[in-house]
Amino acid sequence: MTEQRSPDLVAVVDCGTNTTRLLIDDGEGLGQRLLRVTGLGRGVDAGGRLRDDAIVRVLDVLGEYREIIEDRQAIAVRAVATSAARDAANGAEFLRKASEALGTEVELLDGGSEAAYGFAGATAGLDAARHGSALMLDIGGGSTEFAYGTPYEGAGPKAVTSVDMGSVRWTERFLASDPPRPEELSSAISVARLHLDDIDREHPVIGRGASGATLLGVAGTATTVAAVEIGLDPYDPEIIDGFVLTRAAAEDVFRTLATERLADRVHNPGLHFDRAPVIVGGCCILVAVMRHWEIDECVVRERDLLDGIAAELREAQASPAAELREAQASPAAELREAQASRRAPPGAEGGSR
């Protein structure tokens, strides 16, 4: 009887502006996903530095994730930090502390790479013949990434860009009132559309193709708006992944959330308590995108940056060099080396040394 071998696991950690996330991926399905709202980037837009309390929150979560990764015996781990760490004067100090807490180097990911990995994750498993070209939209806490291309096997995006607008940044910059005043909402949407005008000029491939592409919405804003539209409580990623959010529905959720005080907003089914303070800022960006390029539908995906990195880790592990390293480190290889050492003539070096 052949013994069933457990699938090899890879782990990816993302230290984002608003959340710290972990993916334990087995190469099938959505994997094990954990998320903690840690607010690393709160105040960075105005102050230019990561706050000590925010760093401590992230370090605590990374310690928790380290135990999970070790317990699940992941064969490969990669950890990244994004917008908040890119912008902060003390970003390098944070990366050092985060690496110590996680036991794995936490690297700073540039905006273009963030967009490319997001595209790889969001387009995984999509039928290119059905969807044609795709525009990946990743509204984060501090930045928003766009990537445009055709989602066939192994194809990267044709164009990527990262813009300094996000749910936390937009909330802190524009939405001072509770609930936000109409003029605050108007300013947030208008400035978002100015950034989209810049994309039209600087990245015409995206500007020309966006209106005819399948919009793939990833990350907290898109998934939360979809969950609120459904009234999904408790949250279920299997239901959210692939959900088609119409522009009319997105506008309706936006109007509902934007006109409620925070104390009332938190009671919407599908809205995580910790996301409620910044979700309206994210909605401003989402509706701006759909209005600007006249996009009628958004396919919401749970797969994103984490999945793009996980796929790359798996590919690296499957490479000939990785297979050779694994074979050399296997118990059978060690036994062969020991036998060769015993057969070696006096004075010769043993193969296992």
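Residues numbered from 1 in each chain as written. Predicted model: local features only at pLDDT ≥ 70, side-chain atom pairs only at ≥ 80, totals over all residues. Heavy atoms only, no water.

*Asks:* Hey, could you run me through the overall build of the protein in this one?
*Replies:* Check the secondary structure of the protein and you find 17 helices and 11 strands. The 353 residues of the protein split such that 49% are buried. Once local pairs closer than 6 in sequence are excluded, the contacts in the protein between residues at least 24 apart make up 69%. About 16600 Å² of surface is accessible on the protein, with carbon and sulfur atoms providing 48% of the total. (Helix = DSSP H or I, 4+ residues; strand = E, 2+ residues; numbered from the N terminus. Buried < 20%, exposed > 50% of the residue type's maximum accessible area, 1.4 Å probe, protein only. Contact = heavy atoms within 4.5 Å. Areas by Shrake-Rupley, 256 points an atom, 1.4 Å probe, with all protein chains shown as cover.)

*Asks:* Please clarify how the pattern of salt bridges should be interpreted in this entry.
*Replies:* Two side chains of opposite charge can pair, provided their charged atoms sit close to one another. Tallied over the full model, the rule gives 24 salt bridges. Among the ionic pairs, R21 bridges to D14, the shortest N-O distance being 3.2 Å. The same class applies to R21 and to D14, which are both buried. With its nearest N and O atoms 3.8 Å apart, the salt bridge here joins R255 to D252. Pair noted here: R255 and D252 are both in helix 12 (residues 247-258), with a separation of 3 residues, about one helical turn. You can call D252 partly exposed: its relative accessible area is 37%. (Salt bridge = Lys/Arg side-chain N within 4 Å of Asp/Glu carboxyl O.)

*Asks:* When you look at the pairing of strand 8 (residues 159-163) in this model, what are you seeing that I'm missing?
*Replies:* A regular strand places its side chains so that they alternate between the two faces of the sheet. Alternating residues of strand 8 divide into A159, T161 and V163, all buried, and V160 and S162, none buried. Across 5 bridges, the pairing between strand 7 (residues 144-149) and strand 8 is antiparallel. Bridge pairing in strand 8 links A147 to V160. (Pairing = 2+ DSSP bridges.)

*Asks:* Before we go on, may I ask you to explain helix 12 in this structure?
*Replies:* The α-helix winds at 3.6 residues per turn, so residues separated by three or four positions along the chain end up facing the same way. Between its first and last C-alpha, helix 12 extends 16 Å over 12 residues, near the 16 Å set by a 1.5 Å rise per residue. Buried within helix 12 are the following residues: A249, A250, E251, V253, F254, L257 and A258. Against helix 8 (182-202), helix 10 (219-230), strand 10 (244-246), helix 13 (262-265) and helix 14 (279-292) lie the buried residues of helix 12. (Expected span 1.5 Å × (residues − 1).)

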